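Single-letter residue listing:
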Amino acid sequence: MQEHIERIRADIAAGIEKVKDGTRQELFELKMKYLGKTGEISALSKGMRDVPAEQRPAMGKLVSEVRAWAEEQFDQTEALLKKKELEARYKSERIDVTMPARFAETGTLHPVNIVKKEIIECFEGMGFDIYEGPEIEKDYYNFQALNIPADHPARDMQDTFFITGEYLLRSQTSSGQIRVMENKKPPIKILSPGRVYRSDSDATHSPMFHQMEGLVVDKGITLCDLKGILDEFARRMFTKETKTRLRPSYFPFTEPSVEVDLSCHNCGGKGCRICKGTGWIEILGAGMVNRRVLENCGIDPDEYTGFAFGMGLERIAMIKYGINDMRYLFENDVRLLKQFKD
Ligand code: DAH
């Protein structure tokens, strides 16, 4: 029996040596082979019955020694394998904190929205409130109240999408002027951004585009106030040196009407590709609110005067960022949009 015990000891030692490079499952199987219920060491204990009584204490001692030894061997190897497993895991899951981070791509504001935001900030700073009118508008607000009756030739300037005889997609944010003046007594100082629609499409026109309307009505407002406010706007939106120039024009809802040019922010007025050699860039229409328009809204034109202006946001964005085809602004090509990251 002693020999048998020695052989078991040797077998376990050899088995463990092998399993040291193996898995914990293999170690467990080996352990069961010796220490499991039907294992070889358990069999030794059972075999004690057949050992002559006088040898039993000595043999019993040997068996318990080999059991204790085997248990220790298995425990130690188990701990070793656990450690190895952890080390392997740490190695495979290792994070190199010195690696450059992978950034999540963030979106950007669309150039038209950037321009819109900047204009709003500029005018809010001068005390303007924001008013947003409806895109589906009545003929009355879009045309009639703005002194453009049904058969007026000025309607031709804006090829309008009619929905019914009475309703249309607004062709200008000027409709908002009427809605504001109908509901508020002067002093009025509003800015009205929004989408407008016209049946028009080429490199500088889109069937949907954005406008920004401005309206100031109070006692004693003159064209000089308009010029002063636009000068400030031009300096803030472009450069400190930017100047404005008013040219006579015609709009049914203003009298007198003007077309406003900015000195070219690119060449400073010398003439370049952007201003087509003229040194000036046309950016908006404006004028003193026509008496008839004030009357249509129940405001006494002998008591109050006002100015209004309207500009296309796409046009401002194109001028500001040197974009030469309006369609780029609607294609949403990320290569273009990415260039507007702060
Ligand atoms: N509504 C005009 C347009 O769409 C722009 C405009 C011109 C607006 C003169 C105004 C203005 O308020 O006074 O072309």
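Not measured: the values here are computed from a predicted model.

## Things to note about the overall build of the protein chain
And step 1. Scanning the protein chain from terminus to terminus reveals twelve helices and nine strands.
And step 2. Since a compact globule built from 342 residues should have a radius of gyration of about 20 Å, the 44 Å found for the protein chain marks it as more spread out than a globular shape.
And step 3. When the backbone C-alpha atoms are referred to their principal axes, the protein chain occupies close to 135 × 45 × 35 Å.
And step 4. When the 342 residues of the protein chain are sorted by exposure, 42% land in the buried category.
And step 5. Long-range pairs, those at least 24 residues apart, make up 67% of the contacts in the protein chain between residues at least 6 apart in sequence.
And step 6. By element, 52% of the accessible surface of the protein chain is carried by carbon and sulfur atoms, the whole surface being about 19600 Å².
And step 7. If the 50 positive side-chain charges of the protein chain are averaged to one point and the 54 negative ones to another, these points end up 5 Å apart.

## A closer look at the domain arrangement of the protein chain
One widely used convention gives an interface's size as the accessible area the parts lose upon coming together.
And step 1. Per the domain assignment, the segments of the protein chain are domain 1 (2-92) and domain 2 (111-340).
And step 2. The straight-line distance from the C-alpha centre of domain 1 to that of domain 2 is 92 Å.

## Let's talk about a nonpolar patch on the surface
And step 1. On the surface, a nonpolar cluster with roughly 270 Å² of combined accessible area is contributed by Ile136, Ile163 and Tyr167.
And step 2. By the secondary structure assignment, tyrosine 167 is in strand 3 (residues 167-169).
And step 3. In this structure tyrosine 167 comes out as partly exposed when scored by relative accessible area, which is 33%.

## Topic: the environment of glutamate 132
And step 1. Inspection of the secondary structure puts glutamate 132 in the loop between strand 1 (129-130) and strand 2 (136-138).
And step 2. On a C-alpha basis, the gap between glutamate 132 and aspartate 156 in space is 25 Å, while along the polypeptide they are 24 residues apart.
And step 3. For glutamate 132, the residues in contact, after removing those within four places along its chain, are Ser192 and Pro193.

## Quick notes on the nonpolar core
Soluble globular proteins: nonpolar side chains tend toward being buried together.
And step 1. Ranked by size, the top nonpolar core spans 46 residues in total, and within it Ile119, Phe123, Phe233, Leu284, Phe309 and Met311 carry the most contacts.
And step 2. Of all the elements in the fold, those that place two or more residues in this core are helix 5 (111-124), strand 5 (208-218), helix 8 (223-237), strand 7 (254-263), strand 8 (280-289), strand 9 (305-312), helix 10 (313-321) and helix 12 (334-337).
And step 3. When residues in this core are grouped by element, the largest group, seven residues, is from helix 5.
And step 4. The residues touching leucine 284, leaving out its near neighbours within four places in the chain, are Leu230, Phe233, Val258, Glu259, Val260, Phe309, Gly310 and Met311.

## Here we look at the pattern of salt bridges
And step 1. Evaluation of the coordinates by the stated rule reveals 25 salt bridges.
And step 2. Arginine 89 serves as the salt-bridge partner of glutamate 93, at 3.5 Å between the closest nitrogen and oxygen.
And step 3. Note on arginine 89: relative accessible area 49%, which makes it partly exposed.
And step 4. When the shortest N-O distance is used, the salt bridge between aspartate 261 and arginine 247 registers 2.8 Å. With a gap of 14 residues between them, aspartate 261 in strand 7 and arginine 247 in strand 6 (residues 244-251) connect regions that are remote in the sequence.
And step 5. Three or more residues joined by partner-sharing salt bridges are found here, namely Arg245, Arg247, Asp261 and Glu282.

## Considerations on the side chain of threonine 254
And step 1. Within the secondary structure, threonine 254 sits in strand 7.
And step 2. Within the structure, threonine 254 has its side chain in polar contact with the side chain of serine 257 (distance 2.6 Å).
And step 3. In this structure, threonine 254 is in contact with Ala286, Gly287, Met288, Val289 and Asn290, ignoring residues within four places of it in sequence.

## Here's the deal with the site of the ligand
And step 1. As a structural note, the neighbourhood of the ligand is formed by 16 residues, with Gln172, Ser174, Arg198, Gln211 and Glu213 the closest of them.
And step 2. A distance of 3.0 Å is found between an oxygen atom of the ligand and a side-chain nitrogen or oxygen belonging to glutamine 177.
And step 3. Compared with its free state, where it exposes 350 Å², the ligand has 91% of that area covered by protein.
And step 4. Sorting the residues of the shell around the ligand by element identifies strand 5, strand 8 and strand 9 as the ones contributing at least two each.
And step 5. Of the residues in the shell around the ligand, the class split is five nonpolar, nine polar and two charged.

## Remarks on the packing of aromatic side chains
And step 1. Under the definition given, this model contains six aromatic pairs.
And step 2. For the ring pair phenylalanine 123 and phenylalanine 233, a centre distance of 5.5 Å and an interplane angle of 35° mean the geometry is tilted. One end of the pair, phenylalanine 123, is in helix 5; the other, phenylalanine 233, is in helix 8, and 110 residues separate them in sequence.
And step 3. Geometrically, the ring pair formed by tyrosine 140 and tyrosine 141 is edge-to-face, given 5.2 Å between the ring centres and 85° between the ring planes.
And step 4. Assessed through its relative accessible area of 13%, tyrosine 141 is described here as buried.
And step 5. The structure contains a cluster of three or more aromatic residues connected by ring pairs, namely Phe123, Phe128, Phe233 and Phe309.
And step 6. The side chain of arginine 179 reaches across the aromatic face of tyrosine 141, ending 4.0 Å from its centre.

## Regarding the sheet that holds strand 5
And step 1. Spatially, the seven strands line up as an open sheet ordered 1-4-5-9-8-7-6, and their pairing is mixed. At either end of the open sheet lies a strand with only one pairing partner, and these are strand 1 and strand 6.
And step 2. Packed onto the sheet, helix 8 meets strand 6, strand 7, strand 8 and strand 9 and runs at close to 35° relative to strand 9.
And step 3. The strands touched by helix 10 are strand 5, strand 8 and strand 9; relative to strand 8, the strand with the most contacts, the crossing angle is about 150°.

## Things to note about the side chain of serine 174
And step 1. Along the chain, serine 174 falls in the loop between strand 3 and helix 7 (175-183).
And step 2. Sequence-distant contacts of serine 174, that is, excluding residues within four places in its chain, are made with Leu146, Glu213 and Phe253.

The rules behind each value
- Residues numbered from 1 in each chain as written.
- Predicted model: local features only at pLDDT ≥ 70, side-chain atom pairs only at ≥ 80, totals over all residues.
- Heavy atoms only, no water.
- Helix = DSSP H or I, 4+ residues; strand = E, 2+ residues; numbered from the N terminus.
- Rg over C-alpha atoms; globule rule 2.2 N^0.38 Å.
- Buried < 20%, exposed > 50% of the residue type's maximum accessible area, 1.4 Å probe, protein only.
- Contact = heavy atoms within 4.5 Å.
- Areas by Shrake-Rupley, 256 points an atom, 1.4 Å probe, with all protein chains shown as cover.
- Lys, Arg positive; Asp, Glu negative; His and termini not counted.
- Charge placed at Lys NZ, Arg CZ, Asp CG, Glu CD.
- Domains from an automatic or database assignment.
- Patch = residues over 30% accessible without salt bridge, like charges linked within 9 Å, V, L, I, M, F, W, Y side chains within 5 Å.
- Salt bridge = Lys/Arg side-chain N within 4 Å of Asp/Glu carboxyl O.
- Core = buried A, V, L, I, M, F, W, Y, C linked by side-chain atoms within 4.5 Å.
- Polar contact = N/O pair within 3.5 Å; in protein donor to acceptor, adjacent residues only side chain to side chain.
- Near = heavy atom within 4 Å.
- Nonpolar A, V, L, I, M, F, W, Y, C, P; charged D, E, K, R; others polar.
- Phe/Tyr/Trp six-rings, centres within 6.5 Å; stacked < 30°, edge-to-face > 60°.
- Lys NZ or Arg CZ within 6 Å of the ring centre and 35° of its normal.
- Pairing = 2+ DSSP bridges.
- Axes fitted to C-alpha atoms, helices over the stretch in contact; angles between N-to-C directions.

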